[in-house]
Amino acid sequence: MPTLVLVRHGQSLWNQENRFTGFVDVPLTDQGRQEARRAAEALKGMTFDVAYTSALSRAQETLAILLDSLGQQVPTIRDAALNERNYGDLQGLNKADAARRWGDAQIKEWRRSFDVPPPNGESLEMTARRVLPFYDRAIAGDLRLGKNVLVVAHGNSNRSLVMKLDKLTGAQVVGLELATGVPLIYEMSPDGEVLSKRTASA
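All of these numbers come straight from a predicted model, not from anything done at the bench.

Cut-offs and rules
Residues numbered from 1 in each chain as written. Predicted model: local features only at pLDDT ≥ 70, side-chain atom pairs only at ≥ 80, totals over all residues. Heavy atoms only, no water. Helix = DSSP H or I, 4+ residues; strand = E, 2+ residues; numbered from the N terminus. Polar contact = N/O pair within 3.5 Å; in protein donor to acceptor, adjacent residues only side chain to side chain. Contact = heavy atoms within 4.5 Å. UniProt positions renumbered as here; feature names shortened; annotations may be inferred. Phe/Tyr/Trp six-rings, centres within 6.5 Å; stacked < 30°, edge-to-face > 60°. Buried < 20%, exposed > 50% of the residue type's maximum accessible area, 1.4 Å probe, protein only. Lys NZ or Arg CZ within 6 Å of the ring centre and 35° of its normal.

Enquirer: What should I look at first to understand the side chain of Gln 11 in this one?
Expert: With respect to the element layout, Gln 11 can be found in the loop between strand E1 (3–8) and helix H1 (13–16). One polar contact links Gln 11 to Thr 29, side chain to side chain, over a distance of 2.6 Å. Not counting residues up to four positions away in its chain, the partners in contact with Gln 11 are Gln 16, Leu 28, Thr 29, Gln 31, Gly 32, Glu 35 and Thr 180.

Listed below in structure tokens is the structure:
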């Protein structure tokens, strides 16, 4: 049976600094690189046929460390469809500073509602509208061919995938937290149904 593994990239510099990151391309921290190595440890014994990642370097570096630690080289597809949610005018701002500017309630609504975007940015609903068609046309096709697929992306792009796979509503998915560097493993049927799901830990 094909296996799909989703990993959120390791801690980035702006995760560490508590800033809104979104489409801004920032590097991993040393802790983020360590998280990528721990993810590899958790996936020891698994082999992958293809990998997918975003156009952003923090996800690409996490994937590279992960595959290197596993001693695997696989075809890799990079696509901006898997990028993090665009936080628009919030990008680069410290979350506490943003709350002082717009108020806690407004920041919470932008971060935790499904369909309310921040100024000049994307809601989670808008993020899912670019992630899920890419899943259907690319990732699901590889799973139908029986391939084991590794996806290393971002908190909100992976939440969009989990929403589809776990059949969550918009209201349910906004409360979902995905830790950095912790693999989610889905055993899939050839027709794309989820047979089982587990979290991998080293």
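The rest of the description comes next.
Enquirer: Sorry, what's going on with the UniProt feature "site: Transition state stabilizer" (unreviewed entry) in the protein chain here?
Expert: UniProt annotation of "site: Transition state stabilizer" (unreviewed entry) refers to His 154 when read in the numbering used here. The residue His 154 is located in the loop between strand E4 (149–153) and helix H7 (155–165) in this model. Beyond its immediate stretch of four places on either side in the chain, His 154 contacts Arg 8, His 9, Ser 54, Leu 56, Arg 58, Ala 59, Leu 82, Asn 83, Glu 84 and Arg 159.

Enquirer: Explain the packing of aromatic side chains here, please?
Expert: Any two aromatic rings considered together are summarised by their centre-to-centre distance and by the angle between their planes. One pass over the full model with this rule turns up 3 aromatic pairs. With centroids separated by 5.2 Å and ring planes inclined at 50°, the aromatic side chains of Phe 20 and Tyr 87 adopt a geometry described as tilted. Taken together, the positions of Phe 20 in the loop between H1 and helix H2 (30–42) and Tyr 87 in the loop between strand E3 (76–78) and helix H4 (95–102) put the pair 67 residues apart, joining distant regions of the chain. Like Phe 20, the residue Tyr 87 is buried in the burial classification. Aromatic pair Trp 102 and Trp 110: ring centres 5.4 Å apart, planes at 75°, arrangement edge-to-face. Since its relative accessible area comes to 7%, Trp 110 is described here as buried. Cation over ring: Lys 95 sits above Phe 20, and NZ or CZ is 5.4 Å from the ring centre.

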